Amino acid sequence: MRAAVLTQFGAPLTVREVPDPEVGGGEVVVEVLAACVAPYAAEVFSGERNYPLVPPVVPGVGGLGRVVHVGPDTTRLRPGDLVWCDSTVRSRDDALTPDITLQGWSSRGEGGARVARYLHDGSFAELMRVPTENVFPLPAAAGDAPARWAALGVHVIPYGGLLAGGLAAGETLLVSGATGNLGSSAVAVALAMGAGRVVAPGRNQAALDLLTDRFGPLVRPVPLTGEEAGDRAALSAAADGPIDMVIDLLPPSAPSSAARTAAMTVREYGRVVLMGGVGMLGGDDLALPYPWIMRNSITVRGQWMYPRTANVGIIRLLASCTLDLATERVRSRLTPPAVRRLPSVTARADTGTHPAPVTGDRSAAVRAR
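A few points on the structure. All values reported here derive from a predicted model rather than from experimental measurement.

1. Quick look at the packing of helix H4 (residues 152-164) against helix H5 (residues 181-192)
- Interhelical geometry of H4 versus H5 gives an angle of 65° and a closest axis separation of 8 Å. Of the possible angle classes, the one that applies to H4 and H5 is roughly perpendicular. By crossing handedness, the relation of H4 to H5 is classed as right-handed. Between H4 and H5, the contacting residues are Val154, His155, Ile157, Pro158, Tyr159 and Leu162 on the first element and Asn181, Leu182, Ser185, Ala186, Val189 and Ala190 on the second.
- Residue composition of the contact of H4 with H5, by class: nine nonpolar, three polar and no charged.

2. Observations regarding H5
- In this model H5 runs 17 Å from its N-terminal to its C-terminal C-alpha over twelve residues, within 8% of the 16 Å that 1.5 Å per residue would give.
- Most of H5 sits inside the fold, with eleven of its twelve residues counted as buried.
- Along H5, the positions that sit buried rather than exposed are Asn181, Gly183, Ser184, Ser185, Ala186, Val187, Ala188, Val189, Ala190, Leu191 and Ala192.
- In this fold, the buried residues of H5 make contact with H4, strand E11 (172-176), strand E12 (197-202), helix H6 (205-215), strand E13 (219-223) and helix H10 (309-319).
- Once H5 finishes, glycine 194 follows within two positions and takes phi at roughly 105°, a positive value.

3. Some words on the environment of alanine 237
- You can see alanine 237 is positioned in helix H7 (residues 228-239).
- Measuring from C-alpha to C-alpha, the distance between alanine 237 and arginine 220 comes to 9.9 Å, with 17 residues separating the pair along the chain.

4. A closer look at the pairing of strand E9 (residues 127-131)
- Within E9, five of the five residues are buried, which leaves the element mostly enclosed by the surrounding structure.
- Burial of the side chains of E9 extends over both faces: Leu127, Arg129 and Pro131 are buried on one face and Met128 and Val130 on the other.
- Of the strand pairs in this sheet, strand E3 (residues 27-37) and E9 are connected by five bridges, and their pairing is antiparallel. Its bridge partner being in E9, valine 29 is matched across the sheet by arginine 129.

5. With respect to the sheet that holds strand E6 (residues 88-90)
- The strand order across the open sheet formed by three strands is E6-E7-E8, and the pairing between neighbours is antiparallel. This sheet does not close on itself; its edge strands, each paired only once, are E6 and strand E8 (106-107).
- Across two bridges, strand E7 (residues 100-102) lies against E8 in antiparallel orientation. Paired with leucine 102 across the two strands is serine 106, which belongs to E8.

6. What about unusual backbone geometry?
- Residue proline 56 is reached from proline 55 by a cis peptide bond, and omega for that bond is -5°.
- With respect to the element layout, proline 56 can be found in the loop between helix H1 (41-46) and strand E4 (63-70).
- The phi torsion at serine 297 lies on the positive side, around 55°, for a residue other than glycine.
- Its location among the elements puts serine 297 in the loop between helix H9 (290-295) and strand E16 (299-302).

7. Structural notes on the packing of H4 against H10
- The interhelical angle for the contact between H4 and H10, taken along N-to-C directions, is 115°, at an axis separation of 9 Å. Regarding H4 and H10, the two cross each other, and that crossing is right-handed. For the pair H4 and H10, contact is made by Leu152, His155, Val156, Tyr159 and Leu163 and by Ala310, Asn311, Gly313, Ile314, Ile315, Leu317 and Leu318, respectively.
- Partitioned by chemical class, the residues of the contact of H4 with H10 number nine nonpolar, three polar and no charged.

8. Brief notes about the nonpolar core
- Residues Leu138, Val175, Val187 and Ile314 are the most contacted members of the largest nonpolar core, which totals 71 residues.
- Among the elements that line this core, the one with the most residues is H5, at seven residues.
- Setting aside chain neighbours within four positions, we find leucine 138 in contact with Leu64, Leu82, Val83, Trp84, Trp149, Leu152 and Ile315.
- In this structure, Val222, Ala238, Val246 and Leu250 belong to the second largest nonpolar core, which totals 20 residues.

9. A closer look at the sheet that holds E11
- One open sheet accounts for six strands, arranged E13-E12-E11-E14-E15-E16; its pairing is parallel. Each edge of the open sheet carries a strand with a single partner, namely E13 and E16. On average, adjacent strands in this sheet sit at an angle of 15° to one another, irrespective of strand direction.
- Alignment of E11 against strand E14 (residues 243-248), held across four bridges, turns out to be parallel. The partner of serine 176 across the bridge, within E14, is aspartate 248.

10. So, the packing of aromatic side chains
- According to the stated counting rule, one finds four aromatic pairs in the structure shown.
- Residues tyrosine 40 and tyrosine 51 carry aromatic rings whose centres are separated by 6.3 Å and whose planes lie at 65° to one another, so their mutual orientation is edge-to-face. With a gap of eleven residues between them, tyrosine 40 in the loop between E3 and H1 and tyrosine 51 in the loop between H1 and E4 connect regions that are remote in the sequence.
- Note on tyrosine 40 and tryptophan 105: the rings are 5.9 Å apart at their centroids and 65° apart in plane angle, and the pair reads as edge-to-face. Of the two residues, tyrosine 40 is situated in the loop between E3 and H1 and tryptophan 105 in the loop between E7 and E8; the sequence distance between them amounts to 65 residues.
- Tryptophan 105 sits in the buried class, given a relative accessible area of 3%.
- Each residue in the set Tyr40, Phe45, Tyr51 and Trp105 is aromatic and connected to the rest through ring pairs, giving one cluster.

Reading the values: the criteria
Residues numbered from 1 in each chain as written. Predicted model: local features only at pLDDT ≥ 70, side-chain atom pairs only at ≥ 80, totals over all residues. Heavy atoms only, no water. Axes fitted to C-alpha atoms, helices over the stretch in contact; angles between N-to-C directions. Helix = DSSP H or I, 4+ residues; strand = E, 2+ residues; numbered from the N terminus. Parallel < 35°, antiparallel > 145°, perpendicular 65-115°, else oblique. Left-handed = near helix turned anticlockwise from the far one by under 90°. Contact = heavy atoms within 4.5 Å. Nonpolar A, V, L, I, M, F, W, Y, C, P; charged D, E, K, R; others polar. Expected span 1.5 Å × (residues − 1). Buried < 20%, exposed > 50% of the residue type's maximum accessible area, 1.4 Å probe, protein only. Pairing = 2+ DSSP bridges. Core = buried A, V, L, I, M, F, W, Y, C linked by side-chain atoms within 4.5 Å. Phe/Tyr/Trp six-rings, centres within 6.5 Å; stacked < 30°, edge-to-face > 60°.

The values reported here are purely geometric and, on their own, carry no functional implication.
Structure (structure tokens):
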């Protein structure tokens, strides 16, 4: 099969022939129809983000496709089924604290690295081998617009954080990092879940304007200045009432002060969910004040990715059009003659609020001859 391979950090992806994956017990082989290029992919492939990828590797975080082969223990999936392949793979020998790898992308700890050595390759290929429990059936409509449905891999991440924080209908949510890829997704997902109001802080005025154009008065944009006290007051005023929950999705490049400013707007007994990358490349600690947390009975929790069941929930939101994909802007559609531009598409993917899909007939992005 053809695949886009990262041969070494700092080198362009190389499209070349690699062996077809073979299905084993507890596994499914899927023909990839669409996958997303993450906005920060260039930072991963350059080594800037210091992700524990081990080249040569076929990268790619999840994707849509059709089942080609199933393992002997599969009972419901059939060849030809249209499916979503979730990249969040968990070890099977510890139900309480499983090791986790993001297939074709990243991992956590030595246990996650061991899983990654076995499930090494991601979705930038014609075929992908995936654990059976990571394959989720999709409605037939997804086959008509695989590029748009590839946004599922973005939306499911903040959806997991909103589930972790227990977002309820009618509540006011503040999305820290609202103008970014995951942050703008969180705005859309929260409103689909019934949020009454979403406070959207950011420094990118054009992105704030896009959010308000799309969602209207349910979104309260707040341009940030970087001055903590003033920004906190502006965020609280924009909410026009108590802020029930804060979800932070800021990237590693953001200062911890921005996350702290957002978190400390939450009401008494409120919830703060941390899902971003603040501090992962160094810098000051978040340093939330102990007395503020204790005396206001604040719940602060971290959430890396999402539970398996979140895949089912987000698919339902998309299938019902409660979370509408019609307005998603597909920035790049790769056809076989264009596959050699894949490295440049990777570099450009950080220019918008949503990822660039790699999509086509039988993963056209890796079929160029």
